[in-house]
Every structure is written in structure tokens, then in C-alpha cells.
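Given next are the chains, with one letter for each unit.
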Amino acid sequence: MAFKTLDDMDFAGKTALVRVDINVPLKDGRVTDATRIERILPTIRHITEAGGKVVLLAHFGRPKGKPDPDMSLSLVRPALEAALGQPVAFAENCIGIPAKKAVSELQDGGVLLLENTRFHAGEETNDRMLVAGMAALGDIYVNDAFSAAHRAHASTEGLAQLLPSCAGRLMEAELKALDAALGTPERPVAAIVGGAKVSTKLDLLSNLITRVDHLVIGGGMANTFLVAQGLAIGTSLAERDMADTARDILANAEEAGCTIHLPRDIVIAREFAAGAAHETLPVDQCPDDAMILDAGPETIAAISALFADCRTLVWNGPLGAFEIAPFDTATNACAQEAARLTAAGSLISVAGGGDTVSALNKAGVADDFTYISTAGGAFLEWMEGKTLPGVAALDSEQASNKDKEWNI
Ligand SMILES: Nc1ncnc2c1ncn2[C@@H]1O[C@H](COP(=O)(O)OP(=O)(O)O)[C@@H](O)[C@H]1O
Ligand SMILES: O=C(OP(=O)(O)O)[C@H](O)COP(=O)(O)O
């Protein structure tokens with residue numbers, strides 16, 4: 001697939017609508033990991049230095065099509081200004097009069113952040129009127145949100161159908177680095193999929209088992225598989241209505257040549273809070289009033305032994321609720337072991353995802369992995385061999401058909 005890059009565009013005096021992913025972890029109103037912000041700076045700077053205006057489009061969290069002050073991008077603006085070293089204007093809507101006014105006030109070289117695109121239901125349905133409303137704000141569309149490219153949304157896919165489009169620097173870098181490390185992965189390949197986005201990532205495991213030799217299921221994702229096996233998980237995070245899908249994955253894995261690894265022991269607590277009393281138990285002994293918040297030492301040892309037998313590791317999703325110690329123990333221990341084997345030259349390690357990168361930074365090992373992607377779900381879908389709609393829409397060959405397809 002061929003797409004244009006920033007080098008193919010003339011930004012002088014133009015307004016660029018730049019789709020970024022600044023869906024960053026936040027605690028007490030502050031950004032706790034700015035990796036996704038830092039990685040979009042080259043694109044923003046290229047456009048401003050070329051005399052263009054930058055209008056940033058992004059989602060934040062999953063607000064379900066309605067405004068929600070807890071998911072306002074105004075919360076991310078201070079961290080963006082600090083990283084960029086220049087003021088960033090803000091408009092309280094990504095379309096309509098507030099957005100138009102803010103764009104009209106923007107100077108060449110200026111940067112404007114528009115409010116969360118997901119405050120409109122039409123973002124996730126790729127609604128053409130929403131796309132048209134956003135397209136009216138700029139001259140060129142730049143997609144620098146590889147980590148949201150698995151979503152065929154108005155701001156990730158629709159806009160590329162309507163405006164002259166190109167990939168940003170981060171989009172280019174992600175595709176190049178993932179292809180170099182994982183295009184033809186050295187085997188055996190192990191994948192770790194953990195974290196909390198169970199329903200949106202569970203389906204993709206059906207395909208992933210055909211691509212990897214070992215699949216370690218951890219974090220909140222593992223709980224749904226424990227339910228599928230008939231185990232009690234107390235008050236743990238899980239999506240019980242997806243137990244059938246989990247059962248299918250377990251049943252199909254062997255035929256697909258993939259060994260599935262589930263937790264052997266668990267760390268449980270009655271509340272998710274600093275200093276909460278916690279206990280390590282065998283996986284089949286979770287009390288009814290407790291929740292599983294991490295994997296135990298036996299599981300850590302099994303995962304470490306697996307790393308030693310593999311040549312490639314891909315990892316998305318923490319193994320526990322890493323934000324609060326000691327529930328970061330399994331994530332930290334496995335991250336440190338992967339980093340050690342990478343330094344020793346026996347493992348190619350690629351990890352990604354907003355929270356996963358934050359967890360690896362917290363463990364102090366992000367620089368020791370072969371490659372750290374800003375993407376989680378998108379990189380797993382890329383790994384499955386799927387075409388990502390946000391990337392496909394940038395395809396130069398499609399560009400000639402834009403006028404035929406759109407008639408607004
Ligand atoms: N056992 C668990 N119970 C509840 N939450 C968990 C558990 N394990 C991991 N998590 C949570 O998963 C979240 C990260 O998941 P996710 O968003 O899927 O990762 P990423 O952003 O890296 O793709 C973290 O907030 C972490 O606390
Ligand atoms: O954080 C993201 O993905 P990730 O959790 O897979 O890293 C992206 O911003 C996509 O968000 P979404 O999964 O709500 O579409």
C-alpha cells in the first residue's frame with residue numbers, strides 16, 4: 001500500500017486537521033504517562049515550521065457519544081502545551097461555531113486542540129455529516145493516530161475520504177518499526193494479552209492464535225477465561241457474557257498450533273486501594289467477596305520460563321492492576337525479565353498500548369525493549385494480518401475515487 005507523507009504536502013498558509021491519539025492515562029486530573037504526546041511532536045512541529053496551522057482532532061476515553069467533563073480533552077491540554085513548549089488553543093466542540101471561530105483565530109504556526117470527537121455519536125458510526133463538519137475546518141488531513149487506526153471512525157477513516165490526506169511521522173514510524181520487528185517474526189512467538197478492554201480485544205484472539213505459538217492471557221482478560229473454565233472469580237472485572245467466545249478460543253487453540261497460558265495463582269484483595277490487605281491463592285480459590293488484581297509468583301515463574309524458550313514477544317495489556325502496588329508485581333517482574341533477555345540478545349520484544357507503555361515506563365524498562373509502540377489493540381490487529389481502516393483510507397490509489405464516493 002502506498003500513502004503520502006508530510007514530505008508530499010505543502011503546509012504553508014494551510015490548515016492541517018491532524019488526527020492524533022492522546023488517549024493518555026490520567027490520575028487526579030494529571031497525565032501520568034506522556035509517551036503518546038511526545039511521539040506526535042515531530043508531526044506538529046513539521047507543520048508549524050512549514051508555516052501551517054495545526055488543528056488537532058482526538059478522542060479521549062469512551063464517552064458513548066455524549067459530552068462528559070471527565071473525558072474532556074481540556075484535561076490533556078496542559079501536558080500537550082508543556083511537551084510542545086508553546087500555547088495550545090482549545091475549542092469546546094470539534095465542529096460548528098466554536099470550532100470555526102477557534103480556527104479563524106489561529107495564526108500560521110499555531111496549534112489548536114478540538115474537544116473529544118467521541119462527544120458526538122457520529123464519530124464511532126463514521127457519520128458523513130460529522131465528517132463534513134470536521135472537513136470544513138481545514139485544507140489537509142494528516143493521520144498520525146496509528147493506535148486508533150483499527151477504528152473506522154469519522155476522524156480516523158471518514159476524513160481521509162474527503163480531504164487531501166497523508167500519514168504523519170508517527171504513523172510512518174510505527175508501520176516501519178512493526179514491519180521490521182514482526183513482519184516475518186522469529187519463532188517461537190509468544191503474545192501476552194492482558195489489561196481491561198476485554199470485549200474489544202477478546203474477538204481478535206481468535207485470529208491471533210493462528211499467528212503465534214504461545215498466548216499468555218493475563219489481567220482482566222484472564223478472568224473471563226477463568227469464568228469460561230467454570231472457576232469462581234468473586235467480584236473480579238470480567239465480561240461473563242463473553243465466556244462462550246473464550247471457550248471457543250480455548251477449544252480452537254490447539255488445532256491452530258497455539259498453547260494458551262492462563263494464571264496458575266492469583267493475588268486477591270477486597271478493594272483496589274493502596275495498602276489494601278491482599279493474599280496469594282491458587283487460581284481456583286478466589287473467595288466470593290474478593291477480586292483478582294494480579295498474578296502470583298507461580299504464574300510469573302511460568303511466564304519467565306516461556307520467555308526463555310521464545311525468540312519473539314509481543315505484549316499488550318498489563319498482567320495486573322499495575323497502577324497501585326503491590327498489584328504491579330507480575331507486570332514489573334515479567335517486564336524486567338523480557339528486558340533482560342532482550343539485552344542478552346535472545347528475545348525480540350515489542351510492547352504497546354497506552355497503559356502498557358505507562359506500566360513499562362513505571363517498571364523502568366521501556367528503553368530496554370526492542371520496540372515500544374503507542375498502539376495496543378491496533379498493533380494486535382496489525383499482527384493478525386488485518387487491514388486497519390485508518391491506514392487503508394490513506395491509500396493513494398483510493399484518492400482518485402474520493403470525488404465519486406462523496407457527494408455532500
Ligand atoms: N485483574 C485486573 N482487574 C482489573 N483491572 C485490571 C486487571 N489487570 C489489569 N487491569 C487494568 O487494565 C488496564 C489497562 O488495560 P488496557 O486499556 O486494555 O491496556 P492498554 O491501554 O495498554 O491497551 C489498567 O488500568 C489496569 O489497571
Ligand atoms: O488507547 C487506545 O487503545 P489501546 O488501549 O489498545 O492502547 C486507543 O486510544 C484506542 O482506544 P479505543 O480502544 O477506545 O478505541
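Residues numbered from 1 in each chain as written. Chains lettered and ligands numbered in written order. Predicted model: local features only at pLDDT ≥ 70, side-chain atom pairs only at ≥ 80, totals over all residues.

- The name an unreviewed UniProt entry gives the protein chain is Phosphoglycerate kinase, with Roseinatronobacter alkalisoli as the organism.
- Per UniProt, the comment on the protein chain under Subunit (unreviewed entry) is "Monomer."
- We quote the UniProt Sequence similarities (unreviewed entry) comment for the protein chain here in full: "Belongs to the phosphoglycerate kinase family." (UniProt positions renumbered as here; feature names shortened; annotations may be inferred.)

What about the overall build of the protein chain?
Here comes step 1: On a plain count of helices and strands, the protein chain comes out with 17 helices and 17 strands.
Here comes step 2: Its C-alpha radius of gyration of 22 Å places the protein chain within 12% of the 22 Å reference for a compact globule of 408 residues.
Here comes step 3: Projected onto its principal axes, the C-alpha positions of the protein chain cover 60 × 45 × 40 Å.
Here comes step 4: Evaluated residue by residue, the protein chain yields a buried proportion of 52% over its 408 residues. (Helix = DSSP H or I, 4+ residues; strand = E, 2+ residues; numbered from the N terminus. Rg over C-alpha atoms; globule rule 2.2 N^0.38 Å. Buried ≥ 20, exposed ≤ 12 C-beta atoms within 10 Å, placed from the backbone.)

Some words on helix H1 (residues 35-49)
Here comes step 1: Compared with an ideal rise of 1.5 Å per residue, which puts 15 residues at 21 Å, H1 spans 22 Å between its outermost C-alpha atoms and is within 8% of the ideal.
Here comes step 2: Of all the bends in H1, the greatest reaches close to 35 degrees and is centred on Leu41; the proline Pro42 follows between one and four positions later.
Here comes step 3: Those residues of H1 that fall on the buried side of the exposure criterion are Arg36, Ile37, Arg39, Ile40, Thr43, Ile44, His46, Ile47 and Thr48. (Expected span 1.5 Å × (residues − 1). Bend = angle between axes of the 7 residues up to and from the residue.)

Observations regarding the site of ligand 2
Here comes step 1: Lining the immediate environment of ligand 2, one finds 13 residues, of which Asn23, Gly353, Gly354, Gly376 and Gly377 sit closest.
Here comes step 2: Per-class residue counts for the shell around ligand 2 are two nonpolar, seven polar and four charged.
Here comes step 3: When residues of the shell around ligand 2 are assigned to domains, at least three map to each of domain 1 (6-170 + 388-402) and domain 2 (177-373). (Near = placed C-beta within 6 Å. Nonpolar A, V, L, I, M, F, W, Y, C, P; charged D, E, K, R; others polar. Domains from an automatic or database assignment.)

A word on the site of ligand 1
Here comes step 1: Residues in contact with ligand 1 amount to 21 residues; listed here are only the nearest, Gly195, Ala196, Gly219, Gly353 and Gly376.
Here comes step 2: The set of elements that each furnish at least two residues to the shell around ligand 1 consists of helix H9 (219-228), strand E14 (291-295) and helix H13 (354-363).
Here comes step 3: Ranked by residue count, the leading element in the shell around ligand 1 is H13, at three residues.
Here comes step 4: The residue inventory of the shell around ligand 1, partitioned by class, reads seven nonpolar, eleven polar and three charged.

Description of the sheet that holds E14
Here comes step 1: Sheet architecture is open: three strands sit in the order E13-E12-E14, paired in antiparallel fashion. Since the sheet does not close on itself, it has two edges, and those belong to strand E13 (278-282) and E14, each with one partner. Within the sheet, the average angular offset between the axes of one strand and its neighbour, ignoring direction, is 40 degrees.
Here comes step 2: Bridge count for strand E12 (residues 265-269) against E13 is five bridges, and the pairing is antiparallel. The partner of Ile268 across the bridge, within E13, is Glu279.
Here comes step 3: The strands touched by helix H11 (residues 297-309) are E12, E13 and E14; relative to E12, the strand with the most contacts, the crossing angle is about 140 degrees. (Pairing = 2+ DSSP bridges. Axes fitted to C-alpha atoms, helices over the stretch in contact; angles between N-to-C directions. Contact = placed C-beta atoms within 7 Å.)

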